[in-house]
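# Understanding the architecture of this molecule
Listed below are the residues making up each chain.
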Amino acid sequence: MTAQEFVRRAVSAATDYKTLYVSGGFGAPLVGRNVERYCTNNAYNRAQARQALIRAAGDQSPPVYGWDCVGLIKGLLWGWTGDPSKTYGGARYASNGVPDIGEDEMIRRCAGVSADFSGIRPGAAVWMPGHIGIYIGDGLAVESSPKWANGAQITAVANIGKRAGYNARTWKKWGLLPYVDYEEDETMTYEQWKEHMERYRKELGELPGPAWGADEMTRAVEAGITDGSRPEALATRQEVVSMIVRAAG
């Protein structure tokens with residue numbers, strides 16, 4: 001996965017979905033059996049207060065997705081798409097050459113690990129003992145934490161500087177994940193992505209009719225090009241290529 005795509009997915013997970021910090025979670029929708037699964041999978045989640053939060057999330061629609069800190073990195077790299085019909089939101093456990101490891105082992109496997117944040121690159125892991133996140137550019141990171149928003153959230157990297165409107169965390173080190181391709185064109189920053197999304201949503205809102213694209217979506221489902229899930233979500237490049245191949249075939 002490219003760094004640009006990794007950053008895009010991290011920002012989307014934090015801003016486009018309802019989330020909850022769940023120990024051991026890597027993007028599973030908190031519905032059905034998953035609620036009981038995560039209420040009992042470890043001592044942290046078995047605490048009465050955490051169980052109450054997980055069970056309350058199970059009553060919400062659209063669903064809430066459960067992440068812990070390193071689970072956010074692994075789930076995205078395992079192919080998470082936010083699909084509520086999939087047990088793990090579309091992620092496939094230990095896939096794409098990414099092992100199931102903890103946050104401290106994750107930073108040990110990174111390249112160029114440094115405590116000097118002047119050279120940090122978007123898509124890098126940011127780390128402190130027992131906790132890890134994803135640097136997205138502009139002095140910001142995406143992390144899943146029980147602190148502040150109690151889920152996946154965008155925070156300021158205090159090592160670079162505080163940012164108005166964002167909670168700030170001071171990290172110990174950063175490093176380049178071995179599962180991410182950093183050799184690419186300049187990564188879109190969070191502010192650029194936010195501006196792009198606002199413009200895109202405004203343009204869609206100005207199109208006539210509330211069901212824009214509904215007929216085309218129905219025809220695409222009937223032709224087997226797509227399954228019709230997430231009709232209002234942006235498609236990844238991988239999904240677009242898959243649809244083109246199906247249409248051409």
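Structure: above.
Residues numbered from 1 in each chain as written. Predicted model: local features only at pLDDT ≥ 70, side-chain atom pairs only at ≥ 80, totals over all residues. Heavy atoms only, no water.

On to the environment of G89, then. For G89, the location among the structural elements is in the loop between helix 5 (69–77) and helix 6 (103–108). Residue G89 is classed as buried on the basis of its relative accessible area of 0%. C-alpha separation for the pair G89 and A28, spaced 61 residues apart in sequence, amounts to 5.1 Å. (Helix = DSSP H or I, 4+ residues; strand = E, 2+ residues; numbered from the N terminus. Buried < 20%, exposed > 50% of the residue type's maximum accessible area, 1.4 Å probe, protein only.)

Another aspect to go through is the packing of aromatic side chains. Across all of its chains, the model carries nine aromatic pairs by this definition. Seen in terms of ring centroids, F26 and Y93 are 6.2 Å apart; in terms of plane orientation they differ by 45°. Their pairing is tilted. Of this pair, F26 sits in strand 2 (residues 26–29) while Y93 sits in the loop between helix 5 and helix 6, placing them 67 residues apart in sequence. Where W67 meets W80, the ring centres are 4.9 Å apart and the plane angle is 65°; that geometry is what we call edge-to-face. Here W67 is found in strand 3 (residues 64–67), whereas its partner W80 is found in the loop between helix 5 and helix 6, with 13 residues between them in sequence. The same class applies to W67 as to W80, namely buried. (Phe/Tyr/Trp six-rings, centres within 6.5 Å; stacked < 30°, edge-to-face > 60°.)

To continue, consider the sheet that holds strand 7 (residues 140–145). Strand order in the open sheet made by the seven strands is 4-10-5-6-7-8-9, with mixed pairing throughout. On the outer flanks of this sheet lie strand 4 (111–114) and strand 9 (168–169), each paired with one strand and no other. Alignment of strand 5 (residues 125–128) against strand 10 (residues 173–176), held across three bridges, turns out to be antiparallel. Residue pairing in the sheet places V126 in a bridge with W174 of strand 10. Contacting strand 6 (131–137), strand 7 and strand 8 (151–157), helix 1 (residues 3–15) crosses the sheet at an angle of about 115° to strand 8. (Pairing = 2+ DSSP bridges. Contact = heavy atoms within 4.5 Å. Axes fitted to C-alpha atoms, helices over the stretch in contact; angles between N-to-C directions.)

For the rest of this paragraph, the subject is the environment of V180. Relative to the elements of secondary structure, V180 occurs in the loop between strand 10 and helix 7 (190–205). Between the alpha carbons of V180 and A124 there is a distance of 8.6 Å; along the sequence they are 56 residues apart. Among all residues touching V180, those that are not within four sequence positions of it are M1, T2, A3, F6 and L77.

With that settled, the discussion passes to the packing of helix 2 (residues 33–40) against helix 4 (residues 48–57). For any two helices packed against each other, the geometry comes down to the angle between their axes and how far apart the axes lie. Relative to each other, helix 2 and helix 4 sit at 170°, their axes nearing to 9 Å. What the angle tells us is that helix 2 and helix 4 run roughly antiparallel. Counted together, V35, E36, Y38 and C39 of helix 2 and Q51, I54 and R55 of helix 4 form the full contact between these two elements. The residue makeup of the contact of helix 2 with helix 4, split by class, is four nonpolar, one polar and two charged. (Parallel < 35°, antiparallel > 145°, perpendicular 65-115°, else oblique. Nonpolar A, V, L, I, M, F, W, Y, C, P; charged D, E, K, R; others polar.)

Here we have three strands laid out as an open sheet, ordered 1-3-2, and mixed in their pairing. What marks the edges here is a single partner per strand, and that holds for strand 1 (18–21) and strand 2. The average angle at which neighbouring strand axes cross in this sheet is 30°, direction not considered. When strand 2 meets strand 3, the two strands line up antiparallel, connected through three bridges. Counted as the bridge partner of P29 is Y65 from strand 3. In this fold helix 5 packs onto strand 1, strand 2 and strand 3, with an angle of close to 110° to the strand it touches most, strand 3.

So, about the nonpolar core. Formed by 59 residues in total, the largest nonpolar core has its most connected members in L76 and L177. For this core, the element with the most residues is helix 1, which contributes seven residues. Each residue touching L177, except ones within four places of it in the same chain, is listed here: F6, I73, M106, C110, G123, A125 and Y182. (Core = buried A, V, L, I, M, F, W, Y, C linked by side-chain atoms within 4.5 Å.)

Where helix 1 meets helix 5, the closest approach of the two axes is 10 Å, and the angle between their N-to-C directions is 120°. Between helix 1 and helix 5, the angle falls in the class oblique. Every pair of crossing elements has a handedness; the one defined by helix 1 and helix 5 is right-handed. Each of F6, R9, A10 and A13 in helix 1 lies in contact with helix 5, whose residues at this interface are L72, I73, L76 and L77. (Left-handed = near helix turned anticlockwise from the far one by under 90°.)

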